[in-house]
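# Working through the structure, step by step
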Amino acid sequence: VSRGLASSAVAGGPIKHITIIGGGLMGSGIAQVAAQTGHSVTLVDLNDVVLKKADGSIQKNLQRVAKKMFKDDKSATEQFIGKAMQNVKFTTDPLEPVKHTDLVVEAIVENLNLKHKLFTSLDKVAPEHTIFASNTSSLSIGDIASVTKRKDKFAGLHFFNPVPVMKLLEVIRTKETSDETYNKLMNWGAAVGKTAITCKDTPGFVVNRLLVPLMAEALRMMERGDASAKDIDIAMKLGAGHPMGPIELADYVGHDTTKSIIDGWHEKFPDNPLFAPVKSLAKLVEEGKLGVKTGEGFYKYK
Ligand code: CAA
Ligand code: NAD
């Protein structure tokens, strides 16, 4: 798949061309919001099958956004979608686009070794001004950046699922992230329509540091038999105003993701009871019941 605008990287200028590595759930969402706000985007994944799927899901989700913006105005809808899709190129080669890019947003699988391999190779070809960012949910940005020679131009850009809907962007600064990099990323966050907040490079940043222990505690509550999954979810929706209950949310995020976040933190901080492994989560992962994406988790979706 290949279509779209030529890149337009400019040293010192605002962020115009973005390369997103990883075209899964998050990468395709980030590509969509960047494209629909007029940025030139290249989305990279390992094979064309994933990219084709990303292309389809971006188009489908642009429809949903357009419906909200333009209601039944068919020509405005078509123009919006057409323009956004023209801004996206799809490729399996990460090196070529990175040679001409202002910003790399990495959204590959949550694995430090793979992220290191990727950034080591990109660091060699990216222009000096290019900023690198990771969308990691739970790894340390400083640890990811450690393999590069541009630690001043490295930060976290943490989006939320579903990216086109969730209005927040966490901008994570390490001790080495420069003011210039930080300011550019805060401005870019606003340019893609998000409200950006700042956080230090701490486990889970703001949202996941609060949300993951909440989901884990809800599961422990269910395991103890204090209340059923359904009642815990109803309670947090109607009693605390959450859009989804914590167990529904765990199904939505995916149990492999949540388990790997908790396990990673537990390994690094074994004494923190908030990060203690959760039995029911491990059982579901073992059974391949990963939540909404596999059709079954704590609830069934088929
Ligand atoms: N793209 C575009 N639009 C979308 C969309 C997508 N992927 N998904 C949903 N929408 C739109 C729908 O079209 C719908 O629009 P209208 O209001 O115009 O009809 C609207 O969003 C609401 O969607 P639904 O009616 O399908 O369902 P809902 O009202 O239950 O909302 C939800 C769905 C937005 C996901 C809501 O339930 C919610 O906010 N849930 C909590 C999500 C959350 O907490 N996310 C963070 C997870 S943690 C994370 O991401 C970080 C990490 O590192 C793991
Ligand atoms: P995903 O599995 O849907 O997508 C990851 C994609 O990366 C896959 O399509 C895979 O083929 C691709 N990939 C793997 N290695 C690659 C490489 N070397 N080069 C190019 N592509 C490669 O995962 P996701 O849910 O989109 O998560 C991506 C990142 O975002 C992770 O770091 C995750 O922690 C983080 N995150 C996830 C969520 C969430 O709710 N799922 C929310 C915020 C942040």
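Residues numbered from 1 in each chain as written. Chains lettered and ligands numbered in written order. Predicted model: local features only at pLDDT ≥ 70, side-chain atom pairs only at ≥ 80, totals over all residues.

As recorded by an unreviewed UniProt entry, the protein chain carries the name 3-hydroxyacyl-CoA dehydrogenase and is attributed to Ranatra chinensis. According to its UniProt record, the protein chain has this under Sequence similarities (unreviewed entry): "Belongs to the 3-hydroxyacyl-CoA dehydrogenase family." The protein chain has a UniProt comment under Catalytic activity (unreviewed entry) that states "a (3S)-3-hydroxyacyl-CoA + NAD(+) = a 3-oxoacyl-CoA + NADH + H(+)". (UniProt positions renumbered as here; feature names shortened; annotations may be inferred.)

Before going further, it helps to spend a moment on the UniProt feature "binding site: NAD(+)" (unreviewed entry) in the protein chain. Within the UniProt annotation, "binding site: NAD(+)" (unreviewed entry) is assigned to G22, G23, G24, L25, M26, G27, D45, E110, K115, S137, N161 and K293. Maximum C-alpha separation among the annotated residues is 23.5 Å over a sequence range of 272 residues, too wide for a single clustered spot. By secondary structure assignment, the location of G27 is in helix α1 (residues 25-36). In this structure, D45 sits in the loop between β2 (40-44) and α2 (48-70). Using a count of 24 C-beta atoms within 10 Å as the deciding quantity, one classes D45 as buried. If we ignore the near neighbours within four places in the chain, the residues touching D45 are G22, G23, V50, L51, A54 and T92. (Helix = DSSP H or I, 4+ residues; strand = E, 2+ residues; numbered from the N terminus. Buried ≥ 20, exposed ≤ 12 C-beta atoms within 10 Å, placed from the backbone. Contact = placed C-beta atoms within 7 Å.)

Take the UniProt feature "site: Important for catalytic activity" (unreviewed entry) in the protein chain next. Within this numbering scheme, the UniProt entry marks H158 as carrying the feature "site: Important for catalytic activity" (unreviewed entry). Take H158: it is sitting in strand β6 (residues 154-158). Residue class for H158 comes out buried when judged on the 25 C-beta atoms lying within 10 Å of it. Contacts of H158, omitting those with residues within four sequence positions, involve N135, E170, I172 and F205.

Across the interface, helix α8 (residues 207-224) lies against helix α12 (residues 279-286) with an axial gap of 8 Å and an inter-helix angle of 95 degrees. Viewed along their axes, α8 and α12 adopt a mutual orientation that is roughly perpendicular. For the pair α8 and α12, the contacting residues are L219, M222 and E223 in the first and K279, S280 and L281 in the second. Among the residues making up the contact of α8 with α12, the classes are represented as three nonpolar, one polar and two charged. (Axes fitted to C-alpha atoms, helices over the stretch in contact; angles between N-to-C directions. Parallel < 35°, antiparallel > 145°, perpendicular 65-115°, else oblique. Nonpolar A, V, L, I, M, F, W, Y, C, P; charged D, E, K, R; others polar.)

Take the domain arrangement of the protein chain next. Split by domain assignment, the protein chain resolves into domain 1 (17-200) and domain 2 (209-294). Each of domain 1 and domain 2 was reduced to a C-alpha centroid, and the two centroids are 27 Å apart. With four residues of domain 1 in contact, the opposing surface of domain 2 contributes six residues. Residue composition of the side of domain 1 that touches domain 2, grouped by class: no nonpolar, three polar and one charged. (Domains from an automatic or database assignment.)

Turning our attention to the nonpolar core. Judged by nonpolar contacts, the single largest core of 51 residues is most densely connected at I20, I30, A31, L43, V104, V105 and A133. Looking at this core element by element, the count peaks at six residues for α1. Leaving out residues up to four positions away in the same chain, V105 has contacts with I18, I20, I30, A133, N135 and L157. With 22 residues, the next largest nonpolar core counts L219, I232, I261 and I262 among its residues. (Core = buried A, V, L, I, M, F, W, Y, C linked by C-beta atoms within 7 Å.)

Around ligand 1, a shell composed of 18 residues is seen, among which N61, S137, P162, P164 and P243 lie nearest. If you tally residues by element for the shell around ligand 1, the top one is α2, at four residues. The class makeup of the residues in the shell around ligand 1 is eleven nonpolar, five polar and two charged. Two domains each put at least three residues into the shell around ligand 1: domain 1 (17-200) and domain 2 (209-294). (Near = placed C-beta within 6 Å.)

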